[in-house]
Amino acid sequence: MAMHLKTSQPQLGITDQQVKCVELAGLCHDLGHGPWSHLWDGIFIPTALPGKRWKHEDASEMMFDDLVETYRPEITPEEVIIVKALIAGDKTRSSLGTEKPYLFEIVANARNGLDVDKFDYIARDCHAVGDRGNLSISRLISSARVIDNKICYDIKDANQIYEVYYTRFSLHKRVYNHKTTKAIEFMVLDALLAAEPYLKIASLVDKPDKYVFLTDNLLNKIEESTEKELEPARAIIERINTRDLYRLVDYKVFSHADNDMVRRNITPARIVEVAKSGSLEGVDEELLSVTEPRGACICTVGRKADPSDISLLMPAVFQEVWLRVYTKDCQFFGLIQAAYRQILRMLQPSEGVAAPDEQQHEGAVTPKEPDNPEAMVKLWTPSTSLDSLLSTPPMSSRKLSASSLAEHRSGPGTGPSPSTGSPRAPGPGPSGDQLHRPSTPIASNTVGTNRRSRSFGRNPSFSDNAFTTVPPNFRDVSPSRKPRSKRAREGEEGGSVPAKKSRIDGVGKS
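Residues numbered from 1 in each chain as written. Predicted model: local features only at pLDDT ≥ 70, side-chain atom pairs only at ≥ 80, totals over all residues. Heavy atoms only, no water.

A.B. asks: Explain a nonpolar patch on the surface to me, please; I cannot follow it from the model alone.
C.D. replies: Side chains of L31, L67 and Y71 sit close together on the surface and give an oily, nonpolar patch of about 300 Å² of accessible area. Mapped onto the elements, L31 comes out in the loop between α2 (16-28) and α3 (38-48). (Patch = residues over 30% accessible without salt bridge, like charges linked within 9 Å, V, L, I, M, F, W, Y side chains within 5 Å. Areas by Shrake-Rupley, 256 points an atom, 1.4 Å probe, with all protein chains shown as cover. Salt bridge = Lys/Arg side-chain N within 4 Å of Asp/Glu carboxyl O. Helix = DSSP H or I, 4+ residues; strand = E, 2+ residues; numbered from the N terminus.)

A.B. asks: Explain the pattern of salt bridges here, please?
C.D. replies: Two side chains of opposite charge can pair, provided their charged atoms sit close to one another. In this structure the tally under the stated criterion is 18 salt bridges. A salt bridge links K84 to D65, with the nearest nitrogen and oxygen atoms 2.9 Å apart. Residue K84 is located in helix α5 (residues 77-88), and its partner D65 is located in helix α4 (residues 56-71); the two are separated by 19 residues in the primary sequence. When its relative accessible area of 17% is taken as the criterion, K84 is described as buried. One continuous salt-bridge network, built from bridges that share partners, spans D120, R124 and D125. (Buried < 20%, exposed > 50% of the residue type's maximum accessible area, 1.4 Å probe, protein only.)

A.B. asks: Explanation requested: the packing of aromatic side chains in the structure shown.
C.D. replies: Two measures describe an aromatic ring pair: the distance that separates the ring centres and the angle between the ring planes. Applying the stated rule across the entire model yields five aromatic pairs. Relative to F44, the ring of W40 lies with its centre 4.8 Å away and its plane at 40°, an arrangement referred to as tilted. Here W40 and its partner F44 are both found in helix α3, four residues apart, which amounts to about one turn of the helix. Each ring, one from Y162 and one from Y166, has its centre 6.1 Å from the other, and the planes form 15°; the classification is stacked. (Phe/Tyr/Trp six-rings, centres within 6.5 Å; stacked < 30°, edge-to-face > 60°.)

A.B. asks: How should I be thinking about unusual backbone geometry in this particular structure?
C.D. replies: Working note: non-glycine residues mostly have negative phi, and peptide bonds are mostly trans. With a phi close to 45°, R72 is a non-glycine residue in the positive phi region. As for its position among the elements, R72 is in the loop between α4 and α5. Of note in the backbone geometry, N149 takes a positive phi value of approximately 65° without being a glycine. Along the chain, N149 falls in the loop between β1 (145-147) and β2 (150-152).

A.B. asks: Just checking my understanding: could you explain the packing of α2 against α5 for this structure?
C.D. replies: Geometrically, a packed helix pair is captured by the angle between its two axes and the distance between the axes. Taken N-terminus to C-terminus, the directions of α2 and α5 make an angle of 50°; their axes are 9 Å apart at the nearest point. Relative to α5, α2 is oriented oblique. In terms of crossing hand, the pair formed by α2 and α5 is right-handed. The segment α2 lies against α5, with Q17, K20, C21, V22, L24, A25 and C28 engaging E78, E79, I82, V83, L86 and I87. Among the residues making up the contact of α2 with α5, the classes are represented as nine nonpolar, one polar and three charged. (Axes fitted to C-alpha atoms, helices over the stretch in contact; angles between N-to-C directions. Parallel < 35°, antiparallel > 145°, perpendicular 65-115°, else oblique. Left-handed = near helix turned anticlockwise from the far one by under 90°. Contact = heavy atoms within 4.5 Å. Nonpolar A, V, L, I, M, F, W, Y, C, P; charged D, E, K, R; others polar.)

Written out as C-alpha cells, the structure is:
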C-alpha cells in the first residue's frame, strides 16, 4: 500500500525510509499477541490482572524494542519511534503524524478500520476455512488514493469495501464466534485462571525475555504436570480433550445500540438472583442451592457503513451484539435458561433508540399483549421483601419513555390509540435493581405520511424462543452416557478424585 501511494502519487513526497517504517510496522504490529491471541489479550489479562492498563499493541512495542536491542538491525532511533507510533496508530507520537497523517491509516486505521491488517487476516482466514470469497484485495490497494490527507477509494470499488466488511462479519458469525469455539475458549480461560496462582504467567507480559516463550503449548505443560496445585486446571483440560464442554444454554442477537443495556442488566449475578427469587414455577428446591455463575458472553462485530451513493440494498450497519449464556454443569441447564428469559421479559431496548423505518402493510399482524400481564413479577433483591414487590411496584426512576408519555396522554387503563392499533412493547425496563412490567400501550411514531416505525426495536419485546424452550427442571444430561475419562469414572465411583461441585456457571464476556 505504501509503495503504491509512493509510485502513483509522487507529489506526496513519500520517501523510501517512510515506506520501510510502514513495512516494519506491518510486520511487527502483532508481535505482542499472547497465547490464543484475543482470548489472552481481551479476557485473561484483564481478569488475572484487574486494573492493569494493557493491550497487545503495548506488548508489540515492548517486543520490538527488545528485538532491536537484541539483534541490532540497521535502523535509526528516529525510525524506531516512527515504527512504534505506526503500530499504536497514534499520530501525535511522531512528526510524521503531522507531515503525512495518511500513512497512519495503512497499518492501524483509527478513522474507519479499513487497513492492511484486515486485508491480511481476512484473506488468510478465508483460505484457511476453504472459503473462496469475492474479495479482490489487490484491486482495493491499486484503487487507493490520498485526498485531503486521507486514504480514499474510487466509488466504483464501493462493492469491494462492502465485501471486506461483510466477509469479516461472516467470519465472526461462522468461525470466530461459533458456539463450540467459544465454549472451548472459555474452558481454556478457566484452566489458565486456575493455574495462574501457581504459574504466575500473567506477570510475564512485562518481561520480553520470558513473554516470547509463551505459546499455546501452555496447556500441554499444565496437562503433563503433576503438582497438586494444578489439578483443577488439569481437570478442565481433560474435559476439553473428552469433549465434555460447557453447554450453550441460550443466545440472542441485540442491536448494537443496546450493548450497554445488555451488559448492565444481563449478568451472572442477575441470573442467579432471579433463579433464587422464587418467581420461577416448577423448580426443584435442590437446584436453588447455587453459587455465583461466571458470566455471559457478549460478542460485538463489525462497523458502520454509509450506504450513500453505493446501493439501496446494502445494510447500513455491520455491527450487532451476540449474547450467549453457557453452563458448566448440565443439571442446571433449564434453571439458567428460565432465569435468563425471565430477565429478558422485563427488558426493553435502550431509550431513545428507534428502529429502522418499517413500512406498515395492510393485514400485517401486530403482536398481542400476554393474557395475564400482571403475572409478571419484579426481581427480588435481598434488601426488599418479595411480597412488597409483588403488591405495589414503585414508580420508575428512569426518564419518561414513549410508553409512559402514552399513558399520561390517554390516561391509565385505556386501550391502544385507534390511530396506531399496536400494543406497546412489554416491560418498561429496569429501575435500579427492581423491575416490573405494566401493561400500558405505546403509541407508534409516524414517519412522513404513510410510514410508521415502532419506537423500540423491530419486535415488541425481547421475546422467548419457543423452539428451544425447556422446563426449569430440565437437566441436559443423557442418563445412558458414561464418563469418557478415567478421572470422571473414578469420581463417579467414589474414587480419590472428588465429584464435581453442584453449581450454576455461565461463562465470561468478550
